[in-house]
Amino acid sequence: MLSESQITRLLDIANAGCHNGCVADARSIYHAVLTEKPQLPAARIGMALSHIVVNEFDSAEQELNAVLEHDAHDADALAMLGLCFMLADKKEEAEATLSPLAEQDSTQAQLARDLLEQVRA
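Every chain's residues receive numbers from 1 upward, in the order its sequence appears when written. Whole-chain, interface and lining totals are the exception, using all residues; otherwise, since this is a predicted model, local features are given only for residues with pLDDT of at least 70 and side-chain atom pairs are given and counted only at 80 or more. The basis for the side-chain values is all heavy atoms of the structure; hydrogens and waters are excluded.

Novice: Looking at this structure, I do not really get the environment of Ser 50. What am I missing?
Specialist: Structurally, Ser 50 can be placed in helix H3 (residues 41-52). Between buried and exposed lies partly exposed: a residue is buried under 20% and exposed over 50% of the maximum accessible area for its type, with that area taken using a 1.4 Å probe on protein chains only. Taking relative accessible area as the criterion, Ser 50 reaches 0% and is therefore assigned buried. Considering only alpha carbons, one finds Ser 50 and Tyr 30, 20 residues apart in sequence, at a separation of 9.2 Å. The contact definition used throughout considers only heavy atoms, calling two residues in contact when any of these lie within 4.5 Å. Not counting the four nearest positions on each side in its chain, Ser 50 is found in contact with Cys 18, Val 23, Arg 27 and Tyr 30. Nitrogen and oxygen atoms within 3.5 Å of one another constitute a polar contact, given that in protein one can donate a hydrogen and the other can accept it, and given that sequence-neighbouring residues count only through two side-chain atoms. Engagement of the side chain of Ser 50 in a polar contact is seen with the backbone oxygen of Met 47, the distance being 2.6 Å. Secondary structure is summarised from DSSP: a helix means a run of H or I of at least four residues, a strand means a run of E of at least two, and numbering begins at the N terminus for each.

Novice: Got a minute to help me understand the nonpolar core in this structure?
Specialist: Looking at soluble globular proteins, one finds that nonpolar side chains tend to be buried together. Definition of nonpolar core: a set of buried residues of the types Ala, Val, Leu, Ile, Met, Phe, Trp, Tyr and Cys, connected through side-chain atoms within 4.5 Å. Leu 11, Tyr 30, Val 33 and Leu 64 are the most contacted members of the largest nonpolar core, which has 38 residues in total. Elements supplying a minimum of two residues to this core: helix H1 (4-19), helix H2 (23-36), H3, helix H4 (57-70), helix H5 (75-87), helix H6 (91-102) and helix H7 (107-120). Top contributing element to this core by residue count: H5, with 9 residues.

Novice: Would you mind showing me how to read the state of the cysteines here?
Specialist: In a disulfide, the sulfur atoms of two cysteines are held together by a covalent bond. By convention in this document, the label disulfide applies to cysteine sulfur atom pairs within 2.5 Å. Under the criterion given, the structure shown has 0 disulfides. Just so you know, Cys 18 is unpaired, no disulfide at all, and the nearest cysteine sulfur is the one on Cys 22, 9.1 Å from it. Take Cys 84: it sits in no disulfide, and the sulfur closest to it among the cysteines is that of Cys 18, at 13 Å. Look at Cys 84 and you get buried, because its relative accessible area is 1%.

Novice: It is not clear to me how the pattern of salt bridges should be interpreted in this structure. Could you clarify?
Specialist: It is possible for side chains of opposite charge to pair when their charged atoms get near one another. Take a side-chain nitrogen of Lys or Arg and a carboxyl oxygen of Asp or Glu: if they are within 4 Å of each other, that pair is a salt bridge. Going through the model one piece at a time under the given rule, you end up with 6 salt bridges. Ionic pairing is found between Arg 27 and Glu 56, a salt bridge with its closest N-O pair at 2.6 Å. Of this pair, Arg 27 sits in helix H2 while Glu 56 sits in the loop between H3 and H4, placing them 29 residues apart in sequence. On the basis of relative accessibility, which here comes to 19%, the residue Arg 27 falls in the buried class. For Arg 120, the salt bridge identified is with Glu 95, shortest N-O distance 3.0 Å. Of the two residues, Arg 120 sits in helix H7 while Glu 95 sits in helix H6, which places them 25 residues apart along the sequence. Among the residues examined, Arg 120 registers a relative accessible area of 52% and is labelled exposed. On the accessibility criterion, Glu 95 (30% relative accessible area) is partly exposed.

This is the structure:
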């Protein structure tokens, strides 16, 4: 059984892998974490990121919707979903997802505002 700090570290490694083109390796890590904690939002959001970075937007959207089914207000999932919609050229969906989030006072809200600027440009 993995400790919380080990899971956090593994997710950090997987996220770095996504950013550096090691998507298959990152997915292996996400799968391992999700095997132990199937509904862990951070792992599901990371898995969605692994799909976004290779333009698999439908798969990313499915992962993010799975997170949002459990917590419709998960700011990380909403921000990532907005990014997914933006990159998939679904501007209306991106704006609808990001606008409410942008009204909040959080790191995710700042990301939402930045993404909205790009969507509206």
